[in-house]
Amino acid sequence: MLIRAILLTLAAAAAMPVLAGGDDYDAARDIQGAGPAYFGFVRDTRGSAVVDAQVLLQPKKGKPVLLKSNVLGLYRGHISKDVLPDDVLVSCVKPGYQQTKTNRRTPPGATAMFIETECTMRRL
């Protein structure tokens, strides 16, 4: 009986769609004309997700955008299609933590529509 319950659970799990990052984000449903998508993870120095961190997308000119990391440490948002990705600084803040570094995976000067930046934070 236990084996049957385990097999049924595994079959149900296998039938569910697998989503990258454990998130329901679908780029095809992204906001039309909003410009590049800025996304990434906020993690601590051990690699664990930092939940509810504030992520600031600060363009050289224009209004900043404030985002919040989810339970996986994932954040995602847009600024404007008129702002060049190279002109946006990404920083992370959360009480009890200090940002130690950011790692931008999308190279500067890239024309990609997806700008990935990872924030690493140290617990104080």
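Quick caveat, the model's predicted, so the values are computed rather than measured.

Basis of the calculations
Residues numbered from 1 in each chain as written. Predicted model: local features only at pLDDT ≥ 70, side-chain atom pairs only at ≥ 80, totals over all residues. Heavy atoms only, no water. Core = buried A, V, L, I, M, F, W, Y, C linked by side-chain atoms within 4.5 Å. Buried < 20%, exposed > 50% of the residue type's maximum accessible area, 1.4 Å probe, protein only. Helix = DSSP H or I, 4+ residues; strand = E, 2+ residues; numbered from the N terminus. Contact = heavy atoms within 4.5 Å. Disulfide = S-S within 2.5 Å. Phe/Tyr/Trp six-rings, centres within 6.5 Å; stacked < 30°, edge-to-face > 60°. Lys NZ or Arg CZ within 6 Å of the ring centre and 35° of its normal. Salt bridge = Lys/Arg side-chain N within 4 Å of Asp/Glu carboxyl O. pLDDT = per-residue confidence, 0-100. Pairing = 2+ DSSP bridges. Axes fitted to C-alpha atoms, helices over the stretch in contact; angles between N-to-C directions.

Peer 1: Would you mind showing me how to read the nonpolar core here?
Peer 2: Val42, Val55, Leu57, Ile79 and Met121 are the most contacted members of the largest nonpolar core, which totals 18 residues. If you list the elements that add at least two residues to this core, you get β1 (37-44), β2 (54-59), β3 (65-68), β5 (88-93) and β7 (114-123). The contacts of Ile79, once residues within four sequence positions are left out, are Ala34, Tyr38, Leu57, Pro59, Val65 and Val88.

Peer 1: Got a minute to help me understand unusual backbone geometry in this structure?
Peer 2: Residues apart from glycine generally show negative phi values, whereas peptide bonds are mostly found in trans. Positive phi outside glycine occurs at Asp52, with the angle close to 60 degrees. In this structure, Asp52 sits in the loop between β1 and β2.

Peer 1: Even after reading the chapter, I still don't get the state of the cysteines, so can you show me in this structure?
Peer 2: Simply put, disulfide is the name for a covalent bond between the sulfur atoms of two cysteines. Applying the stated criterion across every chain yields a total of one disulfide. Two residues share a disulfide in this structure: Cys92 and Cys119, whose sulfurs sit 2.0 Å from each other. With the S-S bond torsion at 75 degrees, the cross-link from Cys92 to Cys119 turns out right-handed. Of this pair, Cys92 sits in strand β5 while Cys119 sits in strand β7; the two residues are 27 residues apart in sequence, bridging distant segments of the chain.

Peer 1: Hey, could you run me through the environment of Val71 in this one?
Peer 2: Looking at the element boundaries, Val71 is found in the loop between β3 and β4 (74-77). You can call Val71 exposed: its relative accessible area is 65%. As for Val71 and Val51, which are separated by 20 residues in sequence, their C-alpha atoms are 5.1 Å apart. Ignoring anything within four residues of it in the chain, the contact list for Val71 reads Ala49 and Val51.

Peer 1: Any chance you could explain the packing of aromatic side chains here in plain terms?
Peer 2: Describing an aromatic ring pair means giving the distance of the ring centres and the angle of the ring planes. Considering all chains together, one arrives at zero aromatic pairs under this definition. Between Arg43 and the ring centre of Phe41, over which it is positioned, the NZ or CZ distance is 4.4 Å.

Peer 1: It is not clear to me how the pattern of salt bridges should be interpreted in this structure. Could you clarify?
Peer 2: Counted by the stated rule, this structure contains five salt bridges. The partner of Asp86 in a salt bridge is Arg104, and the shortest N-O contact between them spans 3.7 Å. Of this pair, Asp86 sits in the loop between β4 and β5 while Arg104 is found in strand β6 (residues 97-104), placing the two residues 18 residues apart along the sequence. Through salt bridges that share partners, Arg105, Glu116 and Glu118 make up one connected network.

Peer 1: I'm lost on the confidence of the model for the protein in this one. Help?
Peer 2: Low pLDDT marks regions whose predicted coordinates should not be analysed in detail. Here the protein averages 79 in pLDDT, while 69% of its residues score no lower than 70. Within the model, pLDDT remains below 50 along residues 5-26, and this stretch shows 12 contacts once partners closer than five positions in the same chain are excluded.

Peer 1: Sorry if this is basic, but what is going on with the sheet that holds β3 here?
Peer 2: Whether parallel or antiparallel, the strands of a sheet pair through hydrogen bonds between backbone atoms. With respect to topology, three strands assemble into an open sheet ordered β3-β2-β5, the strand pairing being antiparallel. Two strands in the sheet have a free side with no partner beyond their single neighbour: β3 and β5. Averaged over all pairs of adjacent strands, the angle between strand axes in this sheet comes to 20 degrees, irrespective of strand direction. As judged from the four bridges shared by β2 and β3, these two strands associate in the antiparallel manner. Following the sheet pairing, Leu57 is matched in β3 by Val65.

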